[in-house]
Amino acid sequence: MTAVGIDAIEIRTGKLKLDLAETFAPAKEEDPKKYTKGLGLEASSFPDTYEDIVTMGANAAKRLMDRKGLVPDDIGRIDVATESAFDNSKPVSTYIAGCLEDVYDGDFHHANKGERKFACVAATQSVDDAYNWIRAGRNRGRAALVIATDTALYARGDPGEATQGAGAVAMLVDEEPSLVEISTEQGYGSADETDFLKPNQQFPSVDGKRSVKVYLARMREALEDFETVAGRTHPDGFAYIPFHTPFPGMVRKAALLGFRHMTRNTDIEDDLEGEIGRQPRQDDYEDWDAYEDAIREYMDLLKETDRYETWYNRTIDPTLTFSRKVGNWYTGSVHVARASALKTAAETGRALSGERLLVGSYGSGAQAEMHAETVADGWREEIEALDFKEQLSRRYDLSFEEYGRVHDAHNHEKERELEEFTVPSGEFVFTGWGRMNERTYEYVE
Ligand code: COA
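Here is what the cut-offs are and how they apply
Residues numbered from 1 in each chain as written. Predicted model: local features only at pLDDT ≥ 70, side-chain atom pairs only at ≥ 80, totals over all residues. Heavy atoms only, no water. Pairing = 2+ DSSP bridges. Helix = DSSP H or I, 4+ residues; strand = E, 2+ residues; numbered from the N terminus. Contact = heavy atoms within 4.5 Å. Axes fitted to C-alpha atoms, helices over the stretch in contact; angles between N-to-C directions. Salt bridge = Lys/Arg side-chain N within 4 Å of Asp/Glu carboxyl O. Buried < 20%, exposed > 50% of the residue type's maximum accessible area, 1.4 Å probe, protein only. Core = buried A, V, L, I, M, F, W, Y, C linked by side-chain atoms within 4.5 Å.

Moving on, we get to the sheet that holds strand β13 (residues 396–397). The 3 strands lie next to each other as β3-β2-β13, forming an open sheet whose pairing is mixed. Looking at the sheet topology across the chains shown, the edges are occupied by β3 (43–46) and β13. Bridge analysis of strand β2 (residues 16–19) against β13 gives 2 bridges, and the strand direction is parallel. Paired with Lys17 across the bridge in β13 is Asp397. Contacts from helix α1 (residues 20–28) reach β2 and β3 within the one sheet, and its direction differs from that of β2 by about 60 degrees. Here helix α15 (residues 400–410) sits on the sheet in contact with β2, β3 and β13, set at roughly 40 degrees to β3.

In structure tokens form, the structure reads like this:
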């Protein structure tokens, strides 16, 4: 069977930065450690006044196409995943294709375009759609462009405000991929939940504490479903486990639960018995509450063990490096986590070809998906081509007062003229609105 997976990836961050410890925490009169240690975030990326989901997506896609030497005819499908769409009918993919057609010879008239929605899991679903399209033999030798793009802004004062972010991830899904081969091993955990939603409104309604519980419950279900296909998982069976990362603290919780699940009835549980005892079994407890208390106690001990810390530092922590600096990018978040891990591996000289990844995506509302991937031979060259760190270092560092103004400038309900903070160069920019209230764009040399 021909390998199908992600051939190339590009990441585009919003060009502004809100520093959580230096700028946000003091203005909120809060301890910076709540953000840096508790949530695990250092900063959020923000879009400048001329940036939005279209410009960030188109700019990521253009860099990817240029780098891979692609022309529009090479692309048979453009899917955009977003929770920040501004139109209930016309998909963002048409706007992005329109931008790209302005700078390339040829067009995307024979490419199937769409927009995927299921909160933060939608880009993973789009990659899945592209995989299935290629596997079904309907791609005519062409590749699919999947773009995850979001401006993850919360209402001012919402607890989610500290976890904002803005950016896009463009991925090329193709045969014989250079980065990762996607496997058929996959599991789902899906249920009708009310944890985070945007009923025709720009900023989300969030039950933050509940969303954390729902994330963990659905992720656990997805792992159990994954195991019915792939067999029992073992923590050492994967080089990295990139999770959807609304904030790194969320992943810390998911990783601990996952480790406990994977080590149950294994040599690792046996090895740890002398130090922290065996995992509580439900049958040994009179009621659910007593069982849960025992589990919590076990987990508190487990996370302090060297065995867990070593595994976490090797398998999970490298997936969080990028996220710490950019915040939540909704649909792009889990794909940023994968890139973060691969980049760390390249920087530390780790050999990865043929190693497996377990990727855990999640979307509120709610659905988790877990699937396995195999790192392809060309991964190092691909990941080294990312200029993400340079983009991060070029971000404009907002003061709290500037942050307030830029938040207002992106608020659909406020009319606010604001000078840009950075100078656009070699990129697509938002220019205003056309006669049917469509958004308009141009390429700035
Ligand atoms: N030093 C170290 N840690 C600190 C701290 C300090 N001074 N102050 C607080 N913390 C820790 C808390 O103990 C907590 O960690 P824990 O969950 O491991 O106990 C963490 O920082 C967050 O503090 P908390 O008081 O719970 O923050 P909050 O009430 O402002 O809200 C969310 C946190 C996640 C609920 C909020 O950011 C949110 O609504 N986010 C959007 C929704 C979301 O991302 N959901 C995730 C699933 S998709």
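Text resumes after the structure shown.
Quick look at the pattern of salt bridges now. Applying the stated criterion across every chain yields a total of 34 salt bridges. Close ionic contact of Asp317 with Arg324 constitutes a salt bridge, the shortest N to O distance being 2.8 Å. The salt bridge partner of Glu373 is Arg338, with a shortest N-O separation of 2.9 Å. You can see Glu373 sitting in strand β12 (residues 367–375) and its partner Arg338 sitting in helix α12 (residues 333–347), a full 35 residues away along the chain. The burial state of Glu373 is the same as that of Arg338; both residues are buried.

To continue, consider the environment of Ser340. Note that Ser340 resides in helix α12. Considering only alpha carbons, one finds Ser340 and Asn132, 208 residues apart in sequence, at a separation of 26 Å.

Right, let's get into the nonpolar core. Phe46, Tyr215, Ile241, Phe243, Trp311, Ile316 and Met370 are the most contacted members of the largest nonpolar core, which has 55 residues in total. At 8 residues, the largest contribution of residues to this core is made by helix α6 (residues 208–230). By size, the runner-up hydrophobic cluster in this structure holds 42 residues, among which are Val173, Tyr240, Phe322 and Val336.

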